[in-house]
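Each chain, letter by letter, is given below.
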Amino acid sequence: MRVPRIFVDTPLQANTTLTLEGDRAHYLLKVLRVESGRSLILFNGDGFDYQATITATQKKTLQVEVHTCIPIHNESPIRLHLAQVISKGDRMEYTLQKAVELGISQVTPLTSARCDVRLKQDRAEKKMDYWQNIIISACEQSGRARLPSLQPIQAFETFIKQVHSETHRWILSQELDSDNLSRLETPKAAMLMIGPEGGFTTEEIEAAQQQGYRGLTLGPRVLRTETAGVVALSILQHHFGDL
């Protein structure tokens, strides 16, 4: 029987007990239908997995005994920052999910000239909460013990003018000559910027170049925005990371 792996937003320590409630308790009780004595793996983003056992269940809560903590060493050797223009429907969800599986350390949702998604403040806050849960679920599934950081939604023109720590910054575009990745030294941190379904405008590409972004292309065919992110991250991880 598979041992459920659950994120909890609370400090964890071996040889302690805690109470699980809210969404995580609902999932365990109503979806997985766990019972007392069931083993769990808990994590809170500190880089460890905590082996635990359910000691008691109630209608909406569970009592859990934490036994041991195990360091997890599966983070990518390169810190990858994905700056992704928001896409419609479940495409953004797919991008975030796969990006987490591929080892990104940070993601910034962007708006741009051709972005079809316009979010008012209340809806944007709900989307951020939803995306955060997508990231958490992807970490639970992929075995990661550190959560990638989700940055606030930003406008493209504001984002590119900021000072970023990444030594390599790429903008995905068929209008630019592509960097030859095999000729580059492995960076400690890199950024990948992916546009909307209609791509970045010429003005946006030129503005990014002026801020030090370099071109990256993925061959002669036009990929959907959610496909482009997955493919590009896979290529960067292959060249510089651990794929």
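See the structure printed just above.
Numbering of residues starts from 1 in every chain and runs along the sequence as written. For a predicted model such as this one, the threshold for reporting local features is a pLDDT of at least 70, and the threshold for listing and counting side-chain atom pairs is 80 or more; totals across whole chains, interfaces and linings nevertheless cover every residue. Side-chain metrics rest on all non-hydrogen atoms present in the structure, leaving aside hydrogens and water.

Our focus in this paragraph is the overall build of the chain. Put simply, DSSP H or I for four residues or longer makes a helix, DSSP E for two residues or longer makes a strand, and each gets a number counted from the N terminus. Helix and strand counts for the chain stand at 6 helices and 12 strands. Taking the principal axes of the C-alpha coordinates as reference, the chain spans close to 60 × 40 × 30 Å. Burial classification: accessible surface area is computed with a 1.4 Å probe over protein chains only, and a residue below 20% of its type maximum counts as buried, one above 50% as exposed, and the rest as partly exposed. Residue burial in the chain is summarised as follows: out of 243 residues, 45% are buried. Contacts were defined at the residue level, with two residues in contact if any of their heavy atoms lie within 4.5 Å. Within the chain, contacts between residues at least 6 apart in sequence are counted, and of these 72% link residues at least 24 apart. Positive: Lys, Arg. Negative: Asp, Glu. His and the chain ends are not part of the count. Where a charge sits is defined by one atom per residue type, namely NZ (Lys), CZ (Arg), CG (Asp) or CD (Glu). Distance between charge centroids for the chain: 4 Å, based on 27 positive and 28 negative side chains.

Turning our attention to the sheet that holds strand S1 (residues 5-7). Two strands in a sheet stick together by hydrogen bonds in their backbones, pointing the same way (parallel) or opposite ways (antiparallel). Pairs of strands are assigned from DSSP output, requiring at least two bridges between the strands. Here 5 strands make up an open sheet; going across it, the order is S1-S3-S4-S5-S2 and the pairing mixed. The outermost strands of the open sheet, each flanked by one partner alone, are S1 and strand S2 (16-20). On average, adjacent strands in this sheet sit at an angle of 40° to one another, irrespective of strand direction. In the sheet, S1 pairs with strand S3 (residues 39-43) via 3 bridges, with the strands oriented parallel. Each bridged residue has a counterpart across the sheet, and for Phe-7 the counterpart in S3 is Phe-43. Each axis is a line fitted through C-alpha atoms, taken for helices only over the stretch in contact, and angles between the N-to-C directions span 0 to 180 degrees. Seen against the sheet, helix H3 (residues 121-142) touches S1 and S3 and runs at an angle of roughly 150° to S1.

For the rest of this paragraph, the subject is the nonpolar core. Generally speaking, nonpolar side chains in soluble globular proteins are found buried as a group. Ile-171, Leu-192 and Met-193 are the most contacted members of the largest nonpolar core, which has 50 residues in total. Among the elements that take part in this core, H3 stands out by supplying 7 residues, more than any other. In contact with Leu-192, other than residues within four places in its own chain, are His-81, Leu-82, Ala-83, Trp-170, Leu-216, Gly-229, Ala-232, Leu-233 and Leu-236. Side-chain atoms within 4.5 Å are what join buried Ala, Val, Leu, Ile, Met, Phe, Trp, Tyr and Cys residues into a set we call a nonpolar core. Membership of the second largest hydrophobic core comes to 17 residues, among which are Leu-20, Leu-29, Ala-52 and Val-64.

We now examine the packing of helix H2 (residues 91-101) against helix H6 (residues 225-240). Contact pair H2 / H6: the axes reach a minimum separation of 9 Å and the direction vectors enclose 10°. The orientation of H2 with respect to H6, classified from their angle, is roughly parallel. Along the contact surface, H2 presents Arg-91, Tyr-94, Thr-95, Lys-98 and Ala-99, while H6 presents Glu-226, Val-230 and Leu-233. Think of it as three bins: nonpolar holds Ala, Val, Leu, Ile, Met, Phe, Trp, Tyr, Cys and Pro, charged holds Asp, Glu, Lys and Arg, and polar takes everything else, Gly as well. Counted by class, the contact of H2 with H6 contains 4 nonpolar, 1 polar and 3 charged residues. Oblique is the label for any angle not under 35 degrees, not over 145, and not in the 65 to 115 range, which are roughly parallel, roughly antiparallel and roughly perpendicular in turn.

The next point concerns the packing of H2 against H3. Helix packing for two helices is described by the angle between their axes and how far apart those axes are. Here H2 crosses H3 at 40°, and the two axes come no closer than 9 Å. Between H2 and H3 lies a crossing of right-handed hand. Only Tyr-130, Trp-131, Ile-134, Ile-135, Ala-138, Cys-139, Gln-141 and Ser-142 of H3 make contact with H2, whose side of the interface consists of Met-92, Glu-93, Leu-96, Gln-97, Val-100 and Glu-101. Taken together, the residues of the contact of H2 with H3 break down into 9 nonpolar, 3 polar and 2 charged. By the definition used in this description, the sense in which the near helix is turned from the far one sets the handedness, with an anticlockwise turn below a right angle giving left-handed and a clockwise turn giving right-handed.

Structurally, the position occupied by Asp-177 is in the loop between strand S10 (168-172) and strand S11 (189-194). Relative accessible area serves as the criterion here: at 74%, Asp-177 is assigned to the exposed category.

Since one α-helical turn is 3.6 residues long, residues separated by three or four positions face the same way. By the burial criterion, the buried members of H2 are Met-92, Thr-95, Leu-96, Ala-99 and Val-100. End-on, the buried residues of H2 take up no more than an arc of 125°, which puts them together on one face. At its buried positions, H2 is contacted by strand S6 (79-85), strand S7 (106-111), H3 and H6. Two residues or fewer after H2 comes Gly-103, characterised by a positive phi angle close to 100°. By arc we mean the arc of the directions from the helix axis to the C-beta atoms, nothing more.

Take a side-chain nitrogen of Lys or Arg and a carboxyl oxygen of Asp or Glu: if they are within 4 Å of each other, that pair is a salt bridge. Under the definition given, this model contains 8 salt bridges. Two residues, Asp-49 and Arg-5, come together in a salt bridge whose shortest N-O distance is 2.9 Å. In this pair, Asp-49 is assigned in strand S4 (residues 48-57) and Arg-5 in strand S1, connecting sequence segments 44 residues apart. The exposure class assigned to Arg-5 is buried, which follows from its relative accessible area of 10%.

The backbone of Asn-15 sits at a positive phi, close to 65°, despite the residue not being glycine. Topologically, Asn-15 is positioned in the loop between S1 and S2. Despite not being glycine, Arg-33 shows a phi value in the positive range, around 55°. Checked against the element boundaries, Arg-33 lands in the loop between helix H1 (22-31) and S3.

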